[in-house]
Amino acid sequence: MYCKGMKGLHEMAEENASIHPSLYLAVMDEYEKEHFYEKIEEVGKNALDKIDANLTNRGEIALKTAYGSSNLMHEEKMMQFCWECFCSDSTVKNYLRLFGTEEMAKRYGMRGKEV
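Residues numbered from 1 in each chain as written. Predicted model: local features only at pLDDT ≥ 70, side-chain atom pairs only at ≥ 80, totals over all residues. Heavy atoms only, no water.

A. Molecular detail of the overall build of the protein chain. Looking only at helices and strands, the protein chain has 7 helices and 0 strands in total. Going from the N terminus to the C terminus, the protein chain shows its helices and strands as α-α-α-α-α-α-α. At 14 Å, the protein chain has a C-alpha radius of gyration in line with the 13 Å of a compact globule built from 115 residues. For the protein chain, the C-alpha atoms occupy an extent of roughly 45 × 30 × 20 Å along the three principal directions. Buried positions account for 39% of the 115 residues belonging to the protein chain. A separation threshold of at least 6 residues defines the contact pool for the protein chain, and within that pool the share at least 24 residues apart is 51%. Looking at the protein chain as shown, the accessible area adds up to about 6600 Å², and 52% of this sits on carbon and sulfur atoms. (Helix = DSSP H or I, 4+ residues; strand = E, 2+ residues; numbered from the N terminus. Rg over C-alpha atoms; globule rule 2.2 N^0.38 Å. Buried < 20%, exposed > 50% of the residue type's maximum accessible area, 1.4 Å probe, protein only. Contact = heavy atoms within 4.5 Å. Areas by Shrake-Rupley, 256 points an atom, 1.4 Å probe, with all protein chains shown as cover.)

Here's what the structure looks like:
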């Protein structure tokens with residue numbers, strides 16, 4: 001599928017974001033194998049800015065980005081990405097993630113009713 005490594009896959013994802021947003025997940029999975037959490041967070045943030053908020057794939061990307069942020073101990077960003085996940089894929093499971101920490105529950109938990 002790609003022959004230029006992670007960088008080439010990332011370039012393909014950027015070029016085809018509107019057609020194949022799942023390419024971002026592939027990029028993030030490759031970075032996860034190498035424990036490049038900074039890159040996961042960076043790619044995920046960029047993807048979330050480009051992808052239609054109503055796509056379920058966007059929710060998966062937001063969740064993977066939250067995972068990267070969590071590993072970096074970026075609690076504020078992790079909470080924001082969990083919120084983005086719920087907004088794009090409003091399932092019970094994603095709603096319950098908004099109660100992952102006390103601070104998160106205060107900020108985002110009750111806002112879930114807005115979506």
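What follows continues from the structure just given.
B. Broad picture of a nonpolar patch on the surface. Residues Val 92, Leu 96, Phe 99 and Met 110 make up a contiguous nonpolar surface patch of roughly 400 Å² in combined accessible area. In this structure, Met 110 sits in the segment after helix 7 (102–109). (Patch = residues over 30% accessible without salt bridge, like charges linked within 9 Å, V, L, I, M, F, W, Y side chains within 5 Å. Salt bridge = Lys/Arg side-chain N within 4 Å of Asp/Glu carboxyl O.)

C. Quick look at the packing of aromatic side chains. Using the criterion set out here, one finds 6 aromatic pairs in the structure. For the pair Tyr 31 and Phe 36, a centre-to-centre distance of 6.2 Å together with 50° between the ring planes defines the contact as tilted. For Tyr 31, a relative accessible area of 7% puts it in the buried group. On the accessibility criterion, Phe 36 (35% relative accessible area) is partly exposed. Chaining the aromatic ring pairs together yields one cluster made of Trp 83, Phe 86, Tyr 95, Phe 99 and Tyr 108. (Phe/Tyr/Trp six-rings, centres within 6.5 Å; stacked < 30°, edge-to-face > 60°.)

D. Here's a closer look at the nonpolar core. Of all hydrophobic cores here, the largest spans 27 residues; its most connected members are Tyr 24, Ile 61, Leu 98 and Met 104. Looking at this core, the elements with two or more residues in it are helix 2 (22–33), helix 3 (37–50), helix 4 (56–71), helix 5 (75–88) and helix 7. At 7 residues, the largest contribution of residues to this core is made by helix 5. Setting aside residues no more than four positions away along its own chain, Ile 61 makes contact with Pro 21, Tyr 24, Leu 25, Met 28, Gly 44, Ala 47, Leu 48 and Ile 51. (Core = buried A, V, L, I, M, F, W, Y, C linked by side-chain atoms within 4.5 Å.)

E. How the structure looks around helix 5. Relative to the 20 Å expected for 14 residues at 1.5 Å per residue, helix 5 spans 20 Å between its end C-alpha atoms, a close match to the ideal helical length. Listed as buried for helix 5 are Met 78, Met 79, Phe 81, Cys 82, Trp 83, Cys 85, Phe 86 and Ser 88. Where the residues of helix 5 are buried, they touch helix 3, helix 4, helix 6 (92–97) and helix 7. (Expected span 1.5 Å × (residues − 1).)

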